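Structural overview
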Amino acid sequence: MNKALTSLNTFFLILLFLSLIFSMFSIPKLNIDETQSIKVNFYELIQEDDILFDSSILNTTIKKETKKASVNDKKAEPSEAEILSKFKINKSDIKNEISKIKLSKEREDILRVSAIIQASISSIWIKPNSLSESLIAKVSINLAPSGEILNFDLIEPSSNNSFNESILTAMNKMTFLEEVSFLDRKLFEENFRNFNLVFKSSGEIE
Amino acid sequence: MRRLFMEPIGIFILAMLCQVYSCASNVSDSVERMQYASVAGEEYLLGDKLETNLDDKVYFDFDKSILDAEDKSLLEQYLPEIKKAKIVRLEGHCDERGTREYNLALGERRALEVRDFLVVKGVSGKKIRVVSFGEEKPLKSASNEKAWAENRRVEISLY
Amino acid sequence: MIKFFFMIVFLVSNHIFSILEIEILKGSDNLSKVAFVPFGIESGIEENYGIQISRNIEKNMLLFGEFENLAVNEMLSYPSSENDFYYRDWKVLGVDYSVIGKINSVNALGNLNISYSLFNINRRIKILEGEILGSEDNIEDISKIISNRIYEKITGLRGIFDTKLAYVVNSDANTYQMCISDIDGKNEQILFSSKAPIMSPDWSPDRKKIAYVSFENGLAEIFIQDLQSGERDSIQALGMTNSAPVWSPDGKSLALVVSFSGNPDIFLYSIRNKRLVRLTNHYGIDTEPSWSPDSKKIIFTSDRSGSPQLYEINTKSKRKKRLTRDGNYNARGRYFPDGKSIFFVHGNNGNFQIATKKLSSRYIETLTSTSLDESPTISPNGNIIIYATKDGSNGYLGGITLDGKARFSLPVKNGSVREPAWSPLLK
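A short note on the interface of chain C and chain B
- Counting residues at the interface gives 45 residues for chain C and 33 residues for chain B.
- Each partner contributes to the roughly 3600 Å² buried at the junction of chain C and chain B, and carbon and sulfur atoms together form 58% of this total.
- Inspection of the region where chain C meets chain B yields four salt bridges.
- Put simply, B:R100 and C:E374 hold a salt bridge, and the shortest N to O gap is 2.9 Å.
- Applying the counting criterion to the chain C and chain B interface returns twelve residue pairs in polar contact (both at pLDDT 80 or more).
- Of all elements in the fold, only strand 12 (198–203), strand 16 (241–247), strand 17 (253–260), strand 18 (263–270), strand 20 (286–291), strand 24 (329–335), strand 28 (374–378) and strand 32 (416–422) of chain C reach the threshold of two or more residues within the side of chain C that touches chain B.

Structure below.
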C-alpha cells in the first residue's frame, strides 16, 4: 500500500514536472528581431482573448455553420464532427493569430513612439567630447497624457560630472514629448506614464 | 622513440644557431662603431666633387630597399669611376608618403643596400660614406607617381 | 539627420512593476551655442576693452570649431551683471550658454579687476563665476585664463588656450626653421634656422626645452634647445644616425633611435649621466618611439613583419606586443593622454591618414580624409588632433576634434609647414 502511494506520488510529481515543461512550450511565441527584445505578460493576454472569444462573432458563426450543415444534409453528421474539429483547430489558431496581431500592433506602437522619443532626445543631447570611459546614466521621466514632461530625475547618475550635466541640460531643453498624446490611453498608462531613459557612452571615438 | 631521439638534436641545432647569431651581432656592432668615427667628420665635402657623365642615381620601389637587375648593371658601369674616387658618398632618399622618421630609416636602408653591393664588387668599405635624408630632400615636390618614383633614390657622389 | 542611425533596445519586462527603458546612445551633431556678451565697463576705462576681452574669449573658444557663437548684433540685451540677466532673452535665441562680465578699475595705474559669469540657459543656473586682477597690457592673457575656465566648465576637459605649438617650416628648398607659437598661431618665434633639414620636434614635459633632429653637420643628430636661453646641445650618441627623440613623462630621459650600420633600434638615453641603454634589438627597422603616459611602455614602429606596424614594449621587462594587424602601413603611434587608445598614421589604398585605435580592440578608425596626412599630435586634454597634410606641394596643418564634429586648418604660413608638436600644459 505504502509502495503504491509513493509510486503514485512520484507519478504525480513527474506529471507536474511534465506539465510545467509543456506549459513552457505552449506559451505563444513572438517573433522579434535580434535588435529588439520584448517580453509581454502572456497570462493577461490569454485571459483577455478568452473573454473575447466567449462573446465573439467567431463562435456564433461556427454555430451557424454547423446548423446549416445539419439542415442541408442529415447524412453529413460525421462530416459535421470533422468540421467541428476543424473549427476547433482553427479557433486556437485564430486565437493565436489575434493575440499575435494585438501584440505586434502594441509592440509596433511602443517601438514607434520609443524610436521617436529616442530620436528627439538624441537630436538635442550634446554629448561631452571624447569620453574615453564607458558611462551609463538613468533618468526617470513622468509624462502627462498630453506629452508634457511633468517631472524628470537623474536616478542613476554616472561617475562623470560633465556627462551628467549634459544630460540634465538636454532634459531641460525638452518640454514636450508630443508623440505619446496620439497613443491609446491604456498603452500610455502602461508604458509611457512613467519610463526610463538610459544614456550611454560607449567611450568609442565616433 | 624516434621523437625522443630527435629532440636533443633539435635543441643542439637551436643552440648553435643562437651562438652564431649572437656572434654576428657582436661583430656588426663593433664594425659600426669604427665606421661612425669616420662618418662624423664631413671634411671630404670640402674637396672637389668628381664629375662623371653617368647617371648617378639608383631608384627603388615604395617601401622597398632592394636593388633590381637594372640598378645593378648601372652600378657596375659605375664601378671603375667609384674605384678611382677617394670618397664615395651615398645619400638615401624616400618619397613623401609614409611617416618621416620611418622614411629616414628606410633611406638609410637603401643607401646601405648600394654600399653592400659595392663592397661585394670589391670597393673598399672604408671610403664609402652613407647618409639618409628620408623624405626631407625631394627632387620633385609634386605629389604624383612620377615625382614619387624620382624621389625614391640613392644618389652617388664621388670625391 | 541621416546620421541618426541608432540601435533601439527596449525592455518591456513581464513583471507587474515593469518600466519601459529607452536607450540613448547617439548624441546630437549640433554644437553648443555660446553667447559672448561684450563686457561691461566702469566709467573711466577705455570703452573697447570690454569688447576686446569678450571677442578674445570668443576667438579662443571657437578656435577648434567646438562651439557655435551668437553674433553680437543679434543679442536682445547686453547684461553685465547677474541682476540684468534674463534667461528668456537667450532661450528664445537658442543659446545654450552665455558669458557676461564686467571690468572695474582698481587704480589709476591701469590695473583692472575683471569679473565674469557663465550661465547655463537651459538649466537656468549660473555655473561659473570668477574674478581676475590684471592690467591693461595683458588683456590677452587674461582672456586666455577666462577662456580656459569657461571651457573647463562646459566640457569638463582641461582648457588648452595657453598651450603652444612647435613645428618645422620649410620656406624654400634650402631654408628650414624650427618654430614655436601660441596655439592660436600668434607670437611666432624662430628657435633655429638651418640650410639642412630639421625634423621631429618634441617638447620636454616642463615646457622649457625642445628636442629635435638637425642635419646641419651632414647627418641626423639630436639637439636639445633651451627655450629661455636659446642654447643648443647635441646628444653625442653613438651610431650613424640618431633620430626620433621623445621625452619621457618625467623629463629625465629620452627615447631615441640609434642606427648602427642601417639597423635602427630604440634606445633610452638618460640626460643626466648621458648613458644609452638598448631597448630593441632586431635587424628590421625599429623607429618612432613614444612613451605611454605612465612611462611603463613605449610604442614604436617596426617593419619586422615585412611592413611597418606598431608594437609596444615594456621598458622594464622588454616584453613586446604587436598592436596593429590590419593594413600594410601603421606607423608613428602615440598614446592618448589616458593611455587607453593610440593614434597613428594609417596607410590605406595608397592614402595615408590619421587613425585611432583602442588598445583593447582591433578596430581601426580613420579620422581624416586627405591623402598625405602625417605627424599627428594631440592636445593635452586629449580632445583635438593637429596633423600635417599637403595641398599640392605646400604643407599645412589641419586639425580635427575627436568626436569628428569639427575640422579646421591652421593659418597658412610662408612656406611648407610640417611636424606639429603640441606642448604640454603649464604646470
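A look at the side chain of B:D71
Residues and elements named next belong to chain B.
- Its location among the elements puts D71 in helix 2 (residues 69–84).
- Buried charged residue D71 carries no salt bridge. Nearest counter-charge: K72, at 8.6 Å.
- In contact with D71, not counting residues within four places along its chain, are V58, Y59 and I66.

Description of the packing of aromatic side chains
- By the definition in use, this model includes 22 aromatic pairs over all chains.
- Summarising the aromatic geometry, the rings of A:W125 and A:F199 are spaced 5.0 Å apart at their centres and angled 80 degrees between planes, so their arrangement reads as edge-to-face. Placement of the pair is A:W125 in the loop between helix 4 (77–122) and strand 1 (135–143) and A:F199 in strand 3 (residues 194–201), with a sequence separation of 74 residues. The pair formed by A:W125 and A:F199 is uniform in burial state, with each residue classed as buried.
- An angle of 80 degrees between the planes, with centres 5.7 Å apart, marks the rings of B:Y102 and C:Y329 as edge-to-face. Pair noted here: B:Y102 is in helix 3 (residues 100–120) and C:Y329 is in strand 24, and the two residues belong to different chains. Note on accessibility: B:Y102 and C:Y329 belong to one class, buried.

Points about the domain arrangement of chain C
Residues and elements named next belong to chain C.
- Domains assigned within chain C are domain 1 (32–155) and domain 2 (164–422).
- Taking only C-alpha atoms, the centre of domain 1 and the centre of domain 2 are 37 Å apart.
- Across the contact, eight residues belong to domain 1 and eleven residues belong to domain 2.
- Our count for the domain 1 to domain 2 interface comes out at one salt bridge.
- Across the contact surface, domain 1 and domain 2 share three residue pairs in polar contact (both at pLDDT 80 or more).
- By residue number, the principal contributor to the side of domain 1 that touches domain 2 is helix 3 (residues 139–155), which donates three residues.
- Per-class residue counts for the side of domain 1 that touches domain 2 are three nonpolar, two polar and three charged.

Thoughts on the pattern of salt bridges
- In total, this model carries 37 salt bridges over all chains according to the counting rule given.
- Across the pair B:R152 and B:D95 runs a salt bridge whose closest N-O atoms are separated by 2.8 Å. One end of the pair, B:R152, is in the loop between helix 4 (145–151) and strand 4 (153–158); the other, B:D95, is in the loop between strand 2 (88–93) and helix 3, with 57 residues separating them in the sequence. For the residue pair B:R152 and B:D95, the accessibility class agrees, reading buried in each case.
- Across the salt bridge formed by B:E155 and B:R153, the nearest N and O atoms sit 2.7 Å from each other.
- Through salt bridges that share partners, B:R100, B:E135, B:E136, C:E374 and C:R418 make up one connected network.

What counts, and at which threshold
Residues numbered from 1 in each chain as written. Chains lettered and ligands numbered in written order. Predicted model: local features only at pLDDT ≥ 70, side-chain atom pairs only at ≥ 80, totals over all residues. Heavy atoms only, no water. Contact = heavy atoms within 4.5 Å. Buried area = accessible area lost by both parts, 1.4 Å probe. Salt bridge = Lys/Arg side-chain N within 4 Å of Asp/Glu carboxyl O. Polar contact = N/O pair within 3.5 Å; in protein donor to acceptor, adjacent residues only side chain to side chain. Helix = DSSP H or I, 4+ residues; strand = E, 2+ residues; numbered from the N terminus. Buried < 20%, exposed > 50% of the residue type's maximum accessible area, 1.4 Å probe, protein only. Lys, Arg positive; Asp, Glu negative; His and termini not counted. Phe/Tyr/Trp six-rings, centres within 6.5 Å; stacked < 30°, edge-to-face > 60°. Domains from an automatic or database assignment. Nonpolar A, V, L, I, M, F, W, Y, C, P; charged D, E, K, R; others polar.

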